[in-house]
Amino acid sequence: MPLFVFLGMMLKGKKILVGITGSIAAYKAATLVRFLIKEGAEVKVIMTPAAKDFITPLTLSTLSKYPVLTDIFKEDEWANHVMLGRWADVLVVAPLSCNTLAKMASGLCDNLLLSVYLSATCPVILAPAMDEDMWKHPATQHNIKQVQQFGNRVIPVESGELASGLIGEGRMAEPEHIGNYIIDFFSKQPGPLAGKKALVTAGPTYEHIDPVRFIGNHSSGKMGIAIANALYKQGAEVTLVLGPVPDNSLLKGIEVVHVQSAREMYEACQKVFPQTNITIMAAAVADYTPATFVNEKIKKSEGNWLLELTKTQDILKDLGGKKRDEQLLIGFALETNNEKANALTKLKSKNADMIVLNSLNDKEAGFGKDTNKVTIFDKRGGVAAFEAKPKDAVANDIVNYLIEYANA
Ligand code: CTP
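Below, the structure is looked at part by part. (Residues numbered from 1 in each chain as written. Predicted model: local features only at pLDDT ≥ 70, side-chain atom pairs only at ≥ 80, totals over all residues. Heavy atoms only, no water.)

With that out of the way, let us pick up the pairing of strand β11 (residues 207-210). In terms of strand pairing, β11 meets strand β12 (residues 213-215) through three bridges, oriented antiparallel. Among the inter-strand pairings, D210 is bridged to a residue of β12, identified as R213. What sits between the antiparallel neighbours β11 and β12 is a turn of two residues. (Pairing = 2+ DSSP bridges. Helix = DSSP H or I, 4+ residues; strand = E, 2+ residues; numbered from the N terminus.)

Structure, rendered in structure tokens:
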């Protein structure tokens, strides 16, 4: 049995301050930091002076890849405790000793961890650890209630063998339990898109000629799937209309409508669009489809085959025509030349709020790649050019841009 089951980047993009105090359970903080890093979090560690008697800062700086912070003043340097508390999405104190708990309950501030705690604007999670008699002492119980009343979250202590050799209550929760508590905590936070409905299109379309042949393209759907995930992580309720590609990297909780052709994609979007607040069209929709579908396999004959194609509906343009003022509509433009001019033309002609341009001239962009390089043009004249990045990071950039645009 593995000690940990890593859930896979559940804390990606999260900034976590881990505070360690003087308790025998401090050695477990190393495992906690490793867990948080494996789940994708950025972690900085603060230790109280007493914590250093139980675990070395070197272990924790190696695991967290940041210098461990212990002193408010170090020679001529001042640790900016206010900015540390603002940097973090959450402060987790594990283990929390009886002594630090008492100081937190009364507002004492004689080390860096306590100054960060008192000035922190982020939520605080505490994982106490002490011997059973200390844990049960009325003063400790009073302090626990006090820090909870201040709005801090307390992870219950566990029962088992204690440092004294006695068996009882007071053990710090196992690092894996603390890690899962933190994942759960973030998953319940209402994101900036909570209550918003989003529609995303992704992947290619297949235009069938007969039962065995179709016209398609090389789109992998990765960009659109990453966008659906990014919207979902920010709290939106997401429907993904997906062409014929696998959806295995899609987060649970996102509704998927599988389609094959441009016609089916058009119809699926028509149903969902009126209720959506945000629509992002990342699909590579076929612009032409066979004029007729033949039910049986077409046999080859002498000479050339001229296949008649008719135009498909431009879904983005159609939705742009129906869009209400409060709805945000975002399209993509995949270009090979005159990129900026073509993107700006699409912004206008399709009545979109933003166009995300990717150019096939950039080697990091294009079908099937794991990276993309985009420039966003918005209707108010805003332009943002981003570096080449993995598609997940590009998706975050696009979603963050639209959140800022909506709030401006
Ligand atoms: N799009 C669409 N329906 C179509 C074609 C395109 O919704 N039938 C959307 C795409 O999802 C994308 C945007 O329109 O968001 C631009 O797609 P793109 O292929 O770059 O441009 P086209 O409009 O097809 O124009 P052209 O092929 O001339 O560049």
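A word on the pattern of salt bridges. Counting across every chain of the model gives 16 salt bridges. For the salt bridge of K188 with D184, the shortest nitrogen-to-oxygen distance reads 2.8 Å. Given a relative accessible area of 37%, D184 falls into the partly exposed group. Here the salt bridges share partners, and the residues they tie into one network are K28, R171 and E174. (Salt bridge = Lys/Arg side-chain N within 4 Å of Asp/Glu carboxyl O. Buried < 20%, exposed > 50% of the residue type's maximum accessible area, 1.4 Å probe, protein only.)

It is worth spelling out the site of the ligand at this point. The full set close to the ligand counts 16 residues, and M281, A283, F332, K346 and K350 are the nearest of them. In this structure, an oxygen atom belonging to the ligand sits 2.8 Å away from a main-chain N or O atom of F332. K346 has a polar side-chain atom sitting 2.8 Å from an oxygen atom of the ligand. Alone, the ligand offers 570 Å² of accessible surface; in the complex the protein occludes 76% of this. Of all the secondary structure elements, the ones that give two or more residues to the shell around the ligand are α11 (315-322) and β18 (328-335). Tallying contributions element by element places β18 first for the shell around the ligand, with four residues. Among the residues making up the shell around the ligand, the classes are represented as nine nonpolar, three polar and four charged. (Near = heavy atom within 4 Å. Polar contact = N/O pair within 3.5 Å; in protein donor to acceptor, adjacent residues only side chain to side chain. Areas by Shrake-Rupley, 256 points an atom, 1.4 Å probe, with all protein chains shown as cover. Nonpolar A, V, L, I, M, F, W, Y, C, P; charged D, E, K, R; others polar.)

This paragraph deals with the nonpolar core. Core analysis: the biggest nonpolar cluster contains 38 residues, and I227, L231, L240, I280, I398 and L402 have the highest contact counts within it. Ranked by residues supplied to this core, first place goes to helix α13 (residues 391-407) with eight residues. For I398, the contacting residues outside a window of four places in its chain are M223, I227, I280, F332, V356 and I376. Grouped together as the second largest cluster of nonpolar side chains are 34 residues, A41, A51, L60 and A94 included. (Core = buried A, V, L, I, M, F, W, Y, C linked by side-chain atoms within 4.5 Å. Contact = heavy atoms within 4.5 Å.)

Attention now goes to the side chain of N143. Summarising the element assignment, N143 is placed in helix α7 (residues 138-149). Not counting chain neighbours up to four residues away, the residues in contact with N143 comprise L101, A102 and A105.

The description of two helices packed together rests on the angle between their axes and the distance between the axes. Contact pair helix α9 (residues 222-233) / α13: the axes reach a minimum separation of 8 Å and the direction vectors enclose 55°. With respect to their mutual orientation, α9 and α13 come out oblique. Seen from above, α9 lies across α13 with right-handed handedness. Between α9, through K222, M223, A226, I227, A230 and L231, and α13, the contact on the second element is made entirely by K391, D392, V394, A395, N396, I398, V399 and L402. When grouped by side-chain class, the residues that make up the contact of α9 with α13 number ten nonpolar, one polar and three charged. (Axes fitted to C-alpha atoms, helices over the stretch in contact; angles between N-to-C directions. Parallel < 35°, antiparallel > 145°, perpendicular 65-115°, else oblique. Left-handed = near helix turned anticlockwise from the far one by under 90°.)

Now for the sheet that holds strand β21 (residues 374-378). Paired through backbone hydrogen bonds, the strands of a sheet run either parallel or antiparallel to each other. Taken together, eight strands build an open sheet; the order of strands is β14-β13-β10-β15-β18-β19-β21-β22 and the sheet is mixed. Both outer strands of the open sheet, β14 (255-258) and β22 (383-385), are each paired with one neighbouring strand and no more. Across the sheet, the mean angle separating the axes of adjacent strands is 15° when strand polarity is ignored. The pairing of strand β19 (residues 354-359) with β21 spans five bridges and is classified as antiparallel. Pairing of N358 across the sheet is with V374, part of β21.

Of all the six residues making up β19, six are buried; the element is thus mostly covered by neighbouring parts of the structure. Where β18 and β19 come together, six bridges link them in parallel fashion. The partner of F332 across the bridge, within β19, is V356. Crossover handedness for the path β18 to helix α12 (residues 339-349) to β19: right-handed. (Right-handed = clockwise from strand over helix to strand, strands pointing away.)

Taken together, the side chains of Y288, W305, L307 and L309 make up a nonpolar region of the molecular surface, amounting to roughly 390 Å² of accessible area. One can find W305 in the loop between β16 (288-290) and β17 (309-311). (Patch = residues over 30% accessible without salt bridge, like charges linked within 9 Å, V, L, I, M, F, W, Y side chains within 5 Å.)

Turning our attention to the sheet that holds strand β5 (residues 90-96). Strand order in the open sheet formed by five strands is β2-β1-β5-β6-β7, and the pairing between neighbours is parallel. Pairing within the sheet leaves two strands with one partner each, and these edge strands are β2 (42-47) and β7 (153-154). The strands that helix α8 (residues 175-187) touches are β1 (15-20), β5, β6 (124-128) and β7; relative to β5, the one it contacts most, it runs at about 160°.

On to α13. With 17 residues, α13 ought to run about 24 Å at 1.5 Å a step, and its terminal C-alpha atoms sit 24 Å apart, in line with that. By the burial criterion, the buried members of α13 are K391, V394, A395, D397, I398, V399, Y401, L402, I403 and Y405. (Expected span 1.5 Å × (residues − 1).)

What follows concerns the packing of aromatic side chains. Summed over all chains, the structure comprises two aromatic pairs. The interplanar angle of 65° and the centroid separation of 5.2 Å between the aromatic rings of F185 and F186 together place this pair among those described as edge-to-face. You'll find F185 and F186 in the same group, each marked buried. Here the aromatic rings of Y206 and F214 are separated by 3.8 Å at their centres, their planes lie at 15°, and the arrangement is stacked. Classification of F214 by relative accessible area gives partly exposed; the value is 40%. (Phe/Tyr/Trp six-rings, centres within 6.5 Å; stacked < 30°, edge-to-face > 60°.)

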